[in-house]
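# Commentary on secondary and tertiary structure
Chain by chain, the residues run as shown.
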Amino acid sequence: MPSARLSVVVTRRLPEPVEARMRELFDVRLREIDVPMTREELARAVKEADVLVPTLSDRIDASLIAQAGDRLKLIANYGAGVDHIDVGTARQHGILVSNTPGVSADDTADMTMALILSVTRRLPEGLAMMQSGDWQGWSPTALLGGRVAGRRLGILGMGRIGQAVARRAAAFGMQVHYHNRRRLRPEIEEALQATYWESLDQMVARMDVLSINCPHTPSTFHLMNARRLKLMKPDAVIVNTSRGEVIDENALTRMLRAGEISGAGLDVYEHGAEINPRLRELKNVVLLPHMGSATVEGRIEMGEKVIINIKTFDDGHRPPDQVVPAML
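Let us look at the structure shown here.

Calculation criteria
Residues numbered from 1 in each chain as written. Predicted model: local features only at pLDDT ≥ 70, side-chain atom pairs only at ≥ 80, totals over all residues. Heavy atoms only, no water. Helix = DSSP H or I, 4+ residues; strand = E, 2+ residues; numbered from the N terminus. Rg over C-alpha atoms; globule rule 2.2 N^0.38 Å. Buried < 20%, exposed > 50% of the residue type's maximum accessible area, 1.4 Å probe, protein only. Contact = heavy atoms within 4.5 Å. Areas by Shrake-Rupley, 256 points an atom, 1.4 Å probe, with all protein chains shown as cover. Lys, Arg positive; Asp, Glu negative; His and termini not counted. Charge placed at Lys NZ, Arg CZ, Asp CG, Glu CD. Salt bridge = Lys/Arg side-chain N within 4 Å of Asp/Glu carboxyl O. Axes fitted to C-alpha atoms, helices over the stretch in contact; angles between N-to-C directions. Parallel < 35°, antiparallel > 145°, perpendicular 65-115°, else oblique. Left-handed = near helix turned anticlockwise from the far one by under 90°. Nonpolar A, V, L, I, M, F, W, Y, C, P; charged D, E, K, R; others polar. Pairing = 2+ DSSP bridges.

So, on to the overall build of the chain. Helix and strand counts for the chain come out as 13 helices and 13 strands. The globule rule puts the C-alpha radius of gyration for 328 residues at 20 Å, and the 22 Å found for the chain is close to it. For the chain, the spread of C-alpha atoms along the three principal axes comes to 70 × 50 × 35 Å. Burial statistics for the chain: of 328 residues in total, 51% are counted as buried. Here the contacts in the chain between residues at least 6 apart in sequence split such that 60% fall between residues at least 24 apart. Of the roughly 16,300 Å² of accessible surface on the chain, 51% is carried by carbon and sulfur atoms. In the chain, 41 positive and 41 negative side-chain charges are present, and the distance between their average locations comes to 4 Å.

Now the structure itself:
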């Protein structure tokens, strides 16, 4: 039976099994159209709901939280990243925040490897040639890329996704290196065959492929700035399936256009859907529309985690995936 006490507002369309289960468990208001809520709609939602279920496209900042009514007690985010939520302000208002960690690690790692292969083996150029009808048959010198086996892969951020990338890269014969806020335990390093670099600058300067897998926080904003990008080898490739804000997109675009970096595979962008138009013109860049976690299985599992967090909260317990400022 739906809860007579708990009102849940969902800001975006979710997979049908998730929405159906929410209807069974809660007094839920689902989104009728698959577009982000306006600021006014979000403000109305935080005033009326006990629980808000936002996504990364919703900006839940201090000014919005200040408009929340006394009812709002949980922000159950649909997604692992919470950089769009002011967790500290929510905590000050007595509002808990939860997320869905660990669900999309394998899916995002798969997409990371897909981008690495797409850029190094020039897959988009081959696809464009076939779609345009320009292919004249096999040639010994046409569309020559480079093999990934033996290349050094530097992973920036060795959490769940970074480690999943490391396992896949090792299977492709790549040499795995990483930089992380904290060094992994020796047994994990050994299992991943990963070499730790305390200095990000030193690692970046020596890698053939750099994979961005760290979250967006104040300390990682433009972590790959113009100075650090210039440390990369001219024949190096950079791939980002994390958050666009980690890279200075304008600096990256200039260097790609100048041939100072060999190529890039991007699934996320600094300004969301507003992509630097100059990036679209480059043949050495693969652009995807934030597809890293886009699997049916992953999105349903994310929804199941949201439901568990809400149900646990409704039962009077701490949500298992509660986020606190100290974690960020």
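A few words now on unusual backbone geometry. Of note, Arg 122 is a non-glycine position whose phi angle comes to about 60 degrees, a positive value. A positive phi is found at Gln 193, a non-glycine position, where the angle reads about 55 degrees. Looking at where Gln 193 falls in the secondary structure, it is placed in the loop between helix H8 (186–192) and strand S8 (194–196).

Moving on to the pattern of salt bridges. Inspection of the entire model under this criterion finds 21 salt bridges. The partner of Asp 201 in a salt bridge is Arg 228, and the shortest N-O contact between them spans 2.6 Å. In this pair, Asp 201 sits in helix H9 (residues 200–204) while Arg 228 sits in helix H10 (residues 226–229), placing the two residues 27 residues apart along the sequence. Asp 201 sits in the partly exposed class, given a relative accessible area of 23%. Among the residues examined, Arg 228 registers a relative accessible area of 14% and is labelled buried.

Turning our eyes to something else, we now look at the packing of helix H1 (residues 16–25) against helix H13 (residues 296–314). Following both chains from N to C, one finds H1 and H13 inclined at 15 degrees, their axes separated by 9 Å at the closest point. The angle between the axes of H1 and H13 places the two elements in the roughly parallel class. In this structure, H1 crosses over H13, and the sense of that crossing is right-handed. Judged by residue contacts, Pro 17, Val 18, Arg 21, Met 22 and Leu 25 of H1 engage Arg 299, Ile 300, Gly 303, Val 306, Ile 307 and Lys 311 from H13. Partitioned by chemical class, the residues of the contact of H1 with H13 number seven nonpolar, one polar and three charged.

The mixed open sheet is built from six strands, whose spatial order is S2-S1-S3-S4-S5-S13. Each edge of the sheet is formed by a strand with only one pairing partner; in this case those strands are strand S2 (27–29) and strand S13 (322–323). Alignment of strand S3 (residues 51–53) against strand S4 (residues 74–76), held across two bridges, turns out to be parallel. Paired with Leu 52 across the bridge in S4 is Ile 75. The sheet strands contacting H13 are strand S1 (7–10), S3, S4 and strand S5 (96–98), and the helix crosses S4 at an angle near 160 degrees.

The N-to-C vectors of helix H5 (residues 105–120) and helix H7 (residues 160–171) enclose an angle of 50 degrees; their axes lie 8 Å apart at closest approach. Classified by the interaxial angle, the pair formed by H5 and H7 is oblique. For the element pair H5 and H7, the recorded crossing hand is right-handed. Packed against H5, whose contacting residues are Ala 105, Asp 106, Thr 108, Ala 109, Asp 110, Thr 112 and Met 113, the element H7 presents Arg 160, Ile 161, Ala 164, Val 165, Arg 167, Arg 168 and Ala 169 at the interface. Partitioned by chemical class, the residues of the contact of H5 with H7 number seven nonpolar, two polar and five charged.

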